[in-house]
Amino acid sequence: MTTPVTLLGIESSCDDTAAAVVRGVPGDMEILSSVVFGQTELHASFGGVVPEIAARAHAERLDVSVVGALEHAGVALADVDAIAVTCGPGLIGGVVSGVMMAKGLSAATGKPLYGVNHLAGHALTPRLSDGVPFPYLMLLVSGGHCQFLIAHGPDRFERLGGTIDDAPGEAFDKVARLIGLGQPGGPAVEAAAKSGDPKRFAFPRPLRDKPGCDLSFSGLKTAVLRARDDLVAGQGGLHAQDQADLAASFQMAVADSLAGKSTRALQRYSEMSPAVPTFCVAGGVAANMTIRALLETVSASANTTFLAPPLSLCTDNAAMIAAAGIEQMPLRPPDDMGLSARPRMPLDTQSAAMLGSGKKGAKA
């Protein structure tokens, strides 16, 4: 595809309601607008995202998001070439809200409709931000996912490994609750860790000695719980410095685990002899600067360019969904009104499911 196209993107897979307008061709795109409405305040008192509240907020804000994105881009809906929407994976109520919105717009305007895998949006972000050529190594690390992928093309991803239990972002949220920090847990733990001692607690690096690129964070979370309980039993509670040290030690354990497995993934990736070796990281946890710095060091040791997108493109956004639509348009026909919302939607459909399967399909 050589003629630039303009896509409206819609994202509502978790607790961010987003719309964006992106224009360009695969590998060379410009974000004309990106509107994101967060829901942190709505879920703050519950200690985590409540699916029903999230779905209701999406339904109330999707139209406002779309109007705002079009206005900021200076583009009329009639001028959009197609509509791209997250169709999974995610909290099903939110995904349904976005899909129904996109279907309505498509039916009313006659614009082509493209359902996009939310994970593909993250995995293709380096193409949007920097036009990175295929193949590149991607660490997709977020609140619900953690995978090492080789991106061979816009619709072909090879999974090298990933978490066998909790995702890192999920572990950050749980640890934040355990040690009395606020939500979302990622930023709260990172902020507390700045004044903490990362060596005070000898937390484990699960699966460190196991071959392959798989990760585990459930046992690490349990280790934090035990350390907290020991402190509470010994001194009657947690002091501010205890919180900071627990946060710093936990954060470093996560960073070390990701760095260790990244080394192995880079070895696998290098066997392909890519023309432009590039190691990319995306997803909400990619916003953590300690993790970024350690991954950058690992990448440099492997003589591979390291790339982390701008922070605004690490967390959930609709620009990545529109961009993924532009990347995939030349490879497949648009979806029809039968497009369904899916709570589970693995990127690598050729590999065995890591977290098991059920009636709703493979989890990852």
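Keep in mind it's a predicted model, so treat the numbers as computed, not measured.

## Notes on the overall build of the chain
Stage number 1. The number of helices and strands found in the chain is twelve helices and twelve strands.
Stage number 2. Computed over C-alpha atoms, the radius of gyration of the chain comes to 20 Å, within 12% of the 21 Å expected from 2.2 N^0.38 for 364 residues, which places it in the range of a compact globule.
Stage number 3. Considering the chain as a whole, with its 364 residues, one finds that 52% of them fall into the buried category.
Stage number 4. A fraction of 70% describes how many contacts in the chain between residues 6 or more apart in sequence connect residues 24 or more apart.

## Overview of the environment of Ser312
Stage number 1. With respect to the helices and strands, Ser312 occurs in helix H11 (residues 311-314).
Stage number 2. Remark: the alpha-carbon pair of Ser312 and Arg23, spanning 289 residues in sequence, is separated by 18 Å.

## A look at the packing of aromatic side chains
Stage number 1. One pass over the structure, following the stated rule, counts four aromatic pairs.
Stage number 2. Plain terms: the ring middles of Phe134 and Tyr136 are 5.6 Å apart, the flat faces sit at 15 degrees to each other, and that makes the pair stacked.
Stage number 3. Residue Phe134 is classed as partly exposed on the basis of its relative accessible area, which comes to 25%.
Stage number 4. For Tyr136, a relative accessible area of 0% gives the class buried.

## Some words on the pairing of strand E5 (residues 113-117)
Stage number 1. Burial within E5 is extensive, with five of its five residues counted as buried.
Stage number 2. On E5, burial covers both faces: Leu113, Gly115 and Asn117 on one face and Tyr114 and Val116 on the other are all buried.
Stage number 3. Handedness of the β-α-β unit built from strand E4 (residues 82-88), helix H3 (residues 92-109) and E5 comes out right-handed.

## Thoughts on the sheet that holds strand E7 (residues 146-153)
Stage number 1. One open sheet holds the five strands; their spatial order is E8-E7-E6-E9-E10, and the pairing between them is mixed. Every other strand in the sheet has two partners, leaving strand E8 (156-162) and strand E10 (305-307) as the edge strands with one partner each. On average, each strand axis in the sheet is tilted by 25 degrees relative to the strand beside it, whichever way the strands run.
Stage number 2. Against the sheet, helix H9 (residues 240-270) touches strand E6 (136-141), E7, E8 and strand E9 (278-282), its axis set at about 155 degrees to E6.
Stage number 3. Each of E6, E9 and E10 is contacted by helix H10 (residues 289-301), which is oriented at about 160 degrees to E10, the strand it contacts most.

## Topic: the sheet that holds strand E3 (residues 28-38)
Stage number 1. Spatial ordering of the open sheet is given by E3-E2-E1-E4-E5, a layout of five strands whose pairing is mixed. Bordering the open sheet on either side are E3 and E5, each of which pairs with just one other strand. Between one strand and the next, the sheet's axes are offset by a mean angle of 25 degrees, whatever the strand orientation.
Stage number 2. Pairing analysis gives five bridges linking E4 to E5, with the strands arranged parallel. Paired with Ala84 across the strands is Tyr114, a residue of E5.
Stage number 3. Running at roughly 30 degrees to strand E2 (residues 16-25), helix H2 (residues 51-73) makes contact with strand E1 (5-11), E2 and E3 of the sheet.

## A look at the packing of helix H7 (residues 185-193) against H9
Stage number 1. Orientation of H7 relative to H9, taken along the N-to-C sense of each, is 110 degrees, at an axis distance of 7 Å. Here H7 is positioned roughly perpendicular relative to H9, judged by the angle of their axes. Two packed elements cross with a definite hand, and for H7 against H9 that hand is left-handed. On the side of H7, the interface is formed by Val189, Glu190, Ala192 and Ala193, while H9 contributes Ala244, Ala247, Ala248, Phe250 and Gln251.
Stage number 2. By residue class, the composition of the contact of H7 with H9 is seven nonpolar, one polar and one charged.

Criteria and cut-off values
- Residues numbered from 1 in each chain as written.
- Predicted model: local features only at pLDDT ≥ 70, side-chain atom pairs only at ≥ 80, totals over all residues.
- Heavy atoms only, no water.
- Helix = DSSP H or I, 4+ residues; strand = E, 2+ residues; numbered from the N terminus.
- Rg over C-alpha atoms; globule rule 2.2 N^0.38 Å.
- Buried < 20%, exposed > 50% of the residue type's maximum accessible area, 1.4 Å probe, protein only.
- Contact = heavy atoms within 4.5 Å.
- Phe/Tyr/Trp six-rings, centres within 6.5 Å; stacked < 30°, edge-to-face > 60°.
- Right-handed = clockwise from strand over helix to strand, strands pointing away.
- Pairing = 2+ DSSP bridges.
- Axes fitted to C-alpha atoms, helices over the stretch in contact; angles between N-to-C directions.
- Parallel < 35°, antiparallel > 145°, perpendicular 65-115°, else oblique.
- Left-handed = near helix turned anticlockwise from the far one by under 90°.
- Nonpolar A, V, L, I, M, F, W, Y, C, P; charged D, E, K, R; others polar.

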